[in-house]
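So the chains spell out like this:
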Amino acid sequence: MEPKIPTRMGDGSLVELTRSEIKADLEAGTQLAAKKAKVPELTQDELDHLLDIYASPARFTAVDIGDEVILSNDGTGTKHIGNRVQDLQSYEALLGVDMVELWQIDYSYKAIKTNVAHEGQTMKIAQTLLTNPVQYGAMPDLGRYSKPDGPIPNWSELLPLGKIDEARDAQVEACEMLVEDIDYVADAMVAAGTDGIDFDTTGAAGDADFLAGLTACRKLRQKYPWLGIEIGMAAEFVLGMHGQLEFDGERLAGMWPKDQLRMAQAAGASIYGPAVNINTGKSTAWNIARAITFIKPAMEIAEIPVHVNVGMGVGAVPTCVYPPADATSRASKAFVEILKIDGY
Amino acid sequence: MGTGDPLGMEGAHTQASGMGGMRAAGDLVARMQMTRRMRLKEAKEYVAGKLGCTPRDLSDPIAMEQIRLEKGLGTLAFTSSVRPDEAGMMEAKFNIARVLDIPINCVERFKERAGL
């Protein structure tokens, strides 16, 4: 009888699978992703490598010495140990992250605009107390501009009523407001000394959200050639909530990581972060094969650093508040060794 | 990017495949990715060239402690290892900007506002 190996499901629960079952999950994951995104499946060598990583009972795994990558760290800190700057200091000193990010709990550029002077003052203090690069981050969060949270008619209510043109107009109007707000906050953070700006979970509200991120990025790049600008995505696929929006003449709806990366590069981003959400009902082996299949075509054309999202619920790291180190370290090793990522 | 979890998952990532930040030279390589949009291999080679070491040394806390002290790039202060007479934080960032030949925003602001 084939021995069982302890491994994780996408929700973090510990299960036991045979090597054959893990192999089957890897194959199913890559096949599904290839079919969905119309990209090649992983090669046999890549699947064998993943099988070696995932069909192991080891509590922890790691890359070879010399193969380490950069850890940018959106949402640095716990928010409940000391103050926010102390949070950044502890992550710099004790965890050894390579970049830290100042952020507020209402993680949205629209919300930050109202207290940007205080956020800027905290950035200024952080810059005096840390040596690591300190960036400022938040979500573009386009939905905040629609009623009842914002002034724009709610496209999610207009669409079911068949008011397609009105829904599209609303998204375009919200997009323009969002670009202005990101620009406003970024200017204040640059004046306070930030090393970079992070657009976290870009595209969460669909193609208009992605367009706002790209447009704001290009605007900032023209003003600040040295500024670190990260565009991290919300998901593997850009939803067509508008459906017709374009950037540099290319339709954004339906873009997978390779095309998302091309747009981020064209907009002037420093770092692009693909995100592949996890399926909690499948094993982490299934999820890693699926995630790597989606992202691999982007890695093949990347001209800027690619930092894959490998946090809770993305990049084959389980969706649970205490992601187990066995699952996290396996995802870490897999992305570095198969995709040769620049960071995460 | 995207570690996003406020409950310490970064610990697993940094141990599995991280450069170690200021414990080694991850912060310096990160600066090249941010300011010059360099991919990892190019960024490591650039920093190693400026520091006169190998790319592998950049993730080695033992090798980098000495290099950081020699070049005034800052080290971490903790318990039995404090160096109040060496460059730290802002002072280190002045040196990092010079050694890596990159602009660091807070350094430029400091010079501008202090009239240097």
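A brief structural summary. The written sequence of each chain sets the order in which its residues are numbered from 1. Starting at A for chains and at 1 for ligands, labels are handed out in the order in which the entities are written. A pLDDT threshold of at least 70 governs which residues receive local features in this predicted model, and a stricter bar of 80 or more applies before side-chain atom pairs are shown or counted, although totals over entire chains, interfaces and linings include all residues.

## Description of unusual backbone geometry
Backbone phi values are negative for most residues with the exception of glycine, while trans is the configuration of most peptide bonds. Here is the rule we go by: Numbering of helices and strands starts at the N terminus; helices are DSSP runs of H or I of at least 4 residues and strands are runs of E of at least 2. Put simply, a residue is buried when 20 or more other C-beta atoms lie within 10 Å of its own C-beta and exposed when 12 or fewer do; between those, it is partly exposed, and each C-beta is set from the backbone.
For the bond from Lys147 of chain A to Pro148 of chain A, the omega torsion is 10 degrees, close enough to zero to count as cis. On the secondary structure map, Pro148 of chain A appears in the loop between strand S4 (134-138) and helix H6 (155-158). Non-glycine residue Asp248 of chain A carries a positive phi angle of around 50 degrees. Note that Asp248 of chain A resides in the loop between strand S7 (246-247) and strand S8 (250-251). One non-glycine residue with positive phi stands out, namely Asp101 of chain B, at about 60 degrees. By the C-beta count within 10 Å, which is 9 here, Asp101 of chain B ends up exposed.

## Re the sheet that holds strand S9 (residues 271-273) of chain A
Consider a sheet: its strands pair through backbone hydrogen bonds, and that pairing is either parallel or antiparallel. Residues and elements named next belong to chain A. Just so we agree on the cut-off: Strands qualify as paired when DSSP identifies two bridges or more between them. Each axis is a line fitted through C-alpha atoms, taken for helices only over the stretch in contact, and angles between the N-to-C directions span 0 to 180 degrees.
Pairing in this open sheet of 5 strands is parallel, and the strands run S3-S4-S5-S6-S9 from one edge to the other. Every other strand in the sheet has two partners, leaving strand S3 (100-102) and S9 as the edge strands with one partner each. With direction set aside, neighbouring strand axes in the sheet form an average angle of 25 degrees.

## Quick notes on the packing of helix H1 (residues 19-37) of chain A against helix H2 (residues 44-54) of chain A
All names here are of chain A. Our working definition: The cut-offs work like this: below 35 degrees is roughly parallel, past 145 is roughly antiparallel, 65 to 115 is roughly perpendicular, and the gaps in between are oblique. By convention, the crossing between two helices is left-handed when the near helix turns anticlockwise from the far helix through less than a right angle, and right-handed when the turn is clockwise. We call two residues in contact if the C-beta atoms placed from their backbones are at most 7 Å apart.
Contact geometry for H1 and H2: axes closest at 10 Å, N-to-C directions at 135 degrees. Overall, the two elements H1 and H2 adopt an arrangement that is oblique. Every pair of crossing elements has a handedness; the one defined by H1 and H2 is right-handed. Where H1 abuts H2, its residues Ile22, Lys23, Leu26, Glu27 and Thr30 lie against Leu47, Leu50, Leu51 and Tyr54.

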